[in-house]
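The chain contents come next:
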Amino acid sequence: MSRGLMLRTLIFGDDQANRIVPPSGYTARLTIFAAGAMAFLAVFALSLSLAAGRVSHRWSQELAQAATLRISAPADQMADLTAKALQVLSQTPGVARARALSAEEQSALLAPWFGNELPVENLSLPQLVEVIEDDPGYDATGLRLRLEAEVPGAVLDDHDRWRRPLVAAARALKLLGWVSILLIGGAMATMITLAANAALSANAQIISVLRLVGAQDRYIASAFVRRFTLRALAGAAAGTVLGMVGVMLLPSASAEGSILTGLGFHGGGWILPLLIPVLAALVALGATTQAARTRLRSLP
Amino acid sequence: MERVKNVIELENVAYTYGGGYLLSGVSVVLAPGTFHFLTGPSGAGKTTLLSLCTGALHPSEGAVRAFGADLSTLDRDGLALMRRRIGMVHQDCRFLDHLPVAENIALPLAVSGRAGDTAAANLRELIAWVGLSHRANALPPELSGGERQRAALARAVMMSPDVILADEPTGNVDWEMSQRLLQLLVELNRMGKTIVIATHDLNLIRAAKAQIQTRVLRIAGRRLQLAGAAL
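Residues numbered from 1 in each chain as written. Chains lettered and ligands numbered in written order. Predicted model: local features only at pLDDT ≥ 70, side-chain atom pairs only at ≥ 80, totals over all residues. Heavy atoms only, no water.

Here we look at the environment of A106 of chain B
Residues and elements named next belong to chain B.
Inference 1: Inspection of the secondary structure puts A106 in the loop between α3 (101-105) and α4 (107-111).
Inference 2: Residues A106 and F95, spaced eleven residues apart in sequence, show a C-alpha to C-alpha distance of 11 Å.
Inference 3: Sequence-distant contacts of A106, that is, excluding residues within four places in its chain, are made with L123 and M158. (Helix = DSSP H or I, 4+ residues; strand = E, 2+ residues; numbered from the N terminus. Contact = heavy atoms within 4.5 Å.)

Some details on the confidence of the model for chain A
Keep in mind that low pLDDT regions are not for reading the predicted coordinates in detail.
Inference 1: Mean pLDDT over chain A: 83, with 88% of residues reaching 70 or higher.
Inference 2: No element of chain A has a lower mean pLDDT than helix α1 (residues 3-12) of chain A, at 58, and none a higher one than helix α9 (residues 217-248) of chain A, at 91. (pLDDT = per-residue confidence, 0-100.)

Details of the environment of R297 of chain A
Inference 1: By secondary structure assignment, the location of R297 of chain A is in helix α10 (residues 275-298).
Inference 2: In sequence terms R297 of chain A and D217 of chain A are 80 residues apart; their C-alpha atoms lie 8.6 Å from each other.

With respect to the packing of aromatic side chains
Any two aromatic rings considered together are summarised by their centre-to-centre distance and by the angle between their planes.
Inference 1: Scanning the entire structure with this criterion turns up three aromatic pairs over all chains.
Inference 2: Consider the rings of F265 of chain A and W270 of chain A, whose centres lie 5.2 Å apart with planes at 65°: the pair is edge-to-face.
Inference 3: Seen from the ring of F228 of chain A, R231 of chain A lies directly overhead, with NZ or CZ sitting 5.2 Å from the centre.
Inference 4: Across from the ring centre of F67 of chain B, 3.9 Å away, lies the NZ or CZ of R85 of chain B, which sits over that ring. (Phe/Tyr/Trp six-rings, centres within 6.5 Å; stacked < 30°, edge-to-face > 60°. Lys NZ or Arg CZ within 6 Å of the ring centre and 35° of its normal.)

Quick look at the sheet that holds strand β4 (residues 61-66) of chain B
Residue and element names in this part refer to chain B.
Inference 1: The four strands lie next to each other as β2-β1-β4-β5, forming an open sheet whose pairing is antiparallel. The strands lining the two open edges of the sheet, one partner per strand, are β2 (20-30) and β5 (69-70).
Inference 2: With two bridges joining them, β4 and β5 adopt antiparallel strand pairing. Note that in β5 the partner of R65 across the bridge is D70.
Inference 3: Lying on the sheet, helix α1 (residues 46-54) is in contact with β1 (8-17), β2 and β4; it crosses β1 at an angle near 125°. (Pairing = 2+ DSSP bridges. Axes fitted to C-alpha atoms, helices over the stretch in contact; angles between N-to-C directions.)

Considering the pattern of salt bridges
Inference 1: Under the defined criterion, the tally for this structure stands at eleven salt bridges over all chains.
Inference 2: A salt bridge links R76 of chain B to D217 of chain A; the shortest N-O distance between them is 2.9 Å. Pair noted here: R76 of chain B is in helix α2 (residues 76-83) and D217 of chain A is in helix α9, and the two residues belong to different chains.
Inference 3: Here D162 of chain B and R85 of chain B are joined by a salt bridge, their closest N and O atoms 3.2 Å apart. Linking D162 of chain B in the loop between α7 (145-157) and β7 (163-167) with R85 of chain B in the loop between α2 and β6 (86-89), this pair joins segments that are 77 residues apart in sequence.
Inference 4: Since its relative accessible area comes to 24%, D162 of chain B is described here as partly exposed.
Inference 5: Here the salt bridges share partners, and the residues they tie into one network are R99, E105 and E130 of chain A. (Salt bridge = Lys/Arg side-chain N within 4 Å of Asp/Glu carboxyl O. Buried < 20%, exposed > 50% of the residue type's maximum accessible area, 1.4 Å probe, protein only.)

Quick word on the sheet that holds strand β3 (residues 127-133) of chain A
Residues and elements named next belong to chain A.
Inference 1: Taken in spatial order, the four strands make up an open sheet running β2-β3-β1-β4, and their pairing is antiparallel. Edge strands, defined here as strands with exactly one partner in the open sheet, are β2 (95-100) and β4 (154-157). Mean inter-strand twist for the sheet, computed between neighbouring axes without regard to direction, equals 20°.

Re the interface of chain A and chain B
Inference 1: Contacts between chain A and chain B engage 22 residues on the former and 20 residues on the latter.
Inference 2: Summed over both partners, the interface of chain A with chain B buries about 1,900 Å², with 56% contributed by carbon and sulfur atoms.
Inference 3: Considering only the surface of chain A that becomes buried against chain B, L212, V213 and Q216 of chain A emerge as the three largest contributors, covering 32% of it.
Inference 4: Where chain A meets chain B, there are two salt bridges.
Inference 5: The interface formed by chain A and chain B holds five residue pairs in polar contact (both at pLDDT 80 or more) in total. (Buried area = accessible area lost by both parts, 1.4 Å probe. Polar contact = N/O pair within 3.5 Å; in protein donor to acceptor, adjacent residues only side chain to side chain.)

Observations concerning the packing of helix α8 (residues 175-190) of chain B against helix α9 (residues 202-209) of chain B
All names here are of chain B.
Inference 1: At a minimum axis distance of 11 Å, the contact between α8 and α9 shows a crossing angle of 45°. What the angle tells us is that α8 and α9 run oblique. Crossing angle aside, the handedness with which α8 passes α9 is right-handed. In this structure, α8 contributes W175, S178, Q179 and L182 to the contact, and α9 contributes N203, L204, A207 and A208. (Parallel < 35°, antiparallel > 145°, perpendicular 65-115°, else oblique. Left-handed = near helix turned anticlockwise from the far one by under 90°.)

Some words on the domain arrangement of chain B
Residue and element names in this part refer to chain B.
Inference 1: Once the domains are mapped, chain B shows domain 1 (1-85 + 165-175 + 194-231) and domain 2 (90-160).
Inference 2: With seven residues of domain 1 at the interface, the matching set in domain 2 holds eight residues.
Inference 3: Interface of domain 1 and domain 2: buried area, both sides summed, is about 700 Å²; carbon and sulfur atoms make up 50% of it.
Inference 4: Three residues, R84, D167 and N172, lead the burial of domain 1 against domain 2; their summed loss comes to 59% of the area buried on that side.
Inference 5: One can count zero salt bridges joining domain 1 with domain 2.
Inference 6: Each residue belonging to the side of domain 1 that touches domain 2 can be placed in one class, and the counts come to two nonpolar, two polar and three charged. (Domains from an automatic or database assignment. Nonpolar A, V, L, I, M, F, W, Y, C, P; charged D, E, K, R; others polar.)

Description of α1 of chain B
Every α-helical turn comprises 3.6 residues, leaving residues that sit three or four positions apart pointing alike.
Inference 1: Of all nine residues making up α1 of chain B, eight are buried, and the element is well covered by its neighbours.
Inference 2: For α1 of chain B, the full list of buried residues reads K46, T48, L49, L50, S51, L52, C53 and T54 of chain B.

Section: the pairing of β4 of chain B
Residue and element names in this part refer to chain B.
Inference 1: In this structure, β1 lies alongside β4, joined through five bridges in antiparallel fashion. Each residue of the ladder has a partner; that of E9, found in β4, is R65.
Inference 2: Between β4 and β5, which follow one another and run antiparallel, lie two residues, and F67 among them has a positive phi close to 55°.

Looking at the nonpolar core
Inference 1: Membership of the largest hydrophobic core comes to 47 residues, with the highest contact counts inside it found for I20, L210 and F224 of chain A together with L96 of chain B.
Inference 2: The biggest single contributor to this core is α9 of chain A, with ten residues.
Inference 3: Setting aside residues up to four positions removed in sequence, L210 of chain A forms contacts with I20, A215 and I220 of chain A together with L96, L107 and V111 of chain B.
Inference 4: Of all hydrophobic cores here, the second largest spans 45 residues; its members include V130, A138, L143 and A156 of chain B. (Core = buried A, V, L, I, M, F, W, Y, C linked by side-chain atoms within 4.5 Å.)

Encoded structure:
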């Protein structure tokens, strides 16, 4: 049988071959359940991996081009020092732009801790200046030295100290997501192989009859392979739909949210989980084909 | 299909089972169009000998050839193709119990990818020939012993094989049904098929000898002997 014919038989089936194996049995339910459960978990692992990838990208790309200048000074000197700092920044090569945060913006930054009613104007807070890097960026060491000399009390924070471990953590989480997907695929292949072996053992008498009448192993195998592949496809499709509904019901990502509230799929990302049933069917196809070959070789 | 001199040949075949010889030094040639009975006491090795002829068992010593090919040289696919030329009727019939009788009889066509050709058109005629037209849609467990044997015979001849091996085909049926099955096998022999029937029913052998030339082979003491004169 050519590969094309095998593929056509797999997709469209051979009515007689479909009927030679009794349709009932616990292996059918086991395969559907295993594929469904694994697909459900795979959706979440995929969602986690994609979210971690987005966070990693944002932290490593977007925040890498931003820095904060913090100016601590008595209230009566704050305006002068802020203007001086902005002047220094405007003259520094590699700084695209810089601006002092307004009192409202500074209040918003503190709101998660102190609430929205905080009277910022009564507090002696440092003035924050947002610095956006150009490409290529500025010389941080040189800028710090100049600020130290011209704007006493100004501290340049390029976020690198806390950004680096967070980016590393996000990347590790992304990798963990993909490893989870691989493990889920492996576990599904194992379960389907066990179910296929059980089905082949339970139907040893049928295999004996088929051999008696001249059936070749590929014919016998195709009856089992097609059935298990379609069961895995159906189970995984159901699991994927349930998983996607679960992801949709998660809290949506907010501006302040990071990985915990950004687990959903974004835009074209919703297409990716739809590949899970196809991959599950391919895993089942490979696992059952291998199990059938091995089992049929061992049967007399 | 090529014309071969001998359908099946066993040359100095031995078969060991449980550490001892069940068959030893067995040599026999089944020529095209001949009719054989294989007799011997229960456990003598009749079923084993038939299984050796189909390649279901492999000899410990010697060679088994079917249509000129040494079965030990054939791979699994080769053996499967060979079995399409050998119709086998087991005493327990061996059906797929979840499929109707007609589909069981047509099974050899299905597994060989010939379900749509002219052989399939002959299915109804074949079912009628074995007298099972009214039972075509029944499931095998619903059939009587005689009906099961006739269905098994119909399945065995579905691919128009050159040889039919029947293992105790009348073991579970009454005398009248034995005669009916014998008539079907005699008809097949007259069509040129080689027939081998393993049985310990001497009356069946006598009934066959009354109407057709047969050769009776007897397994005794692990060896195969010609026993026609004694019957």
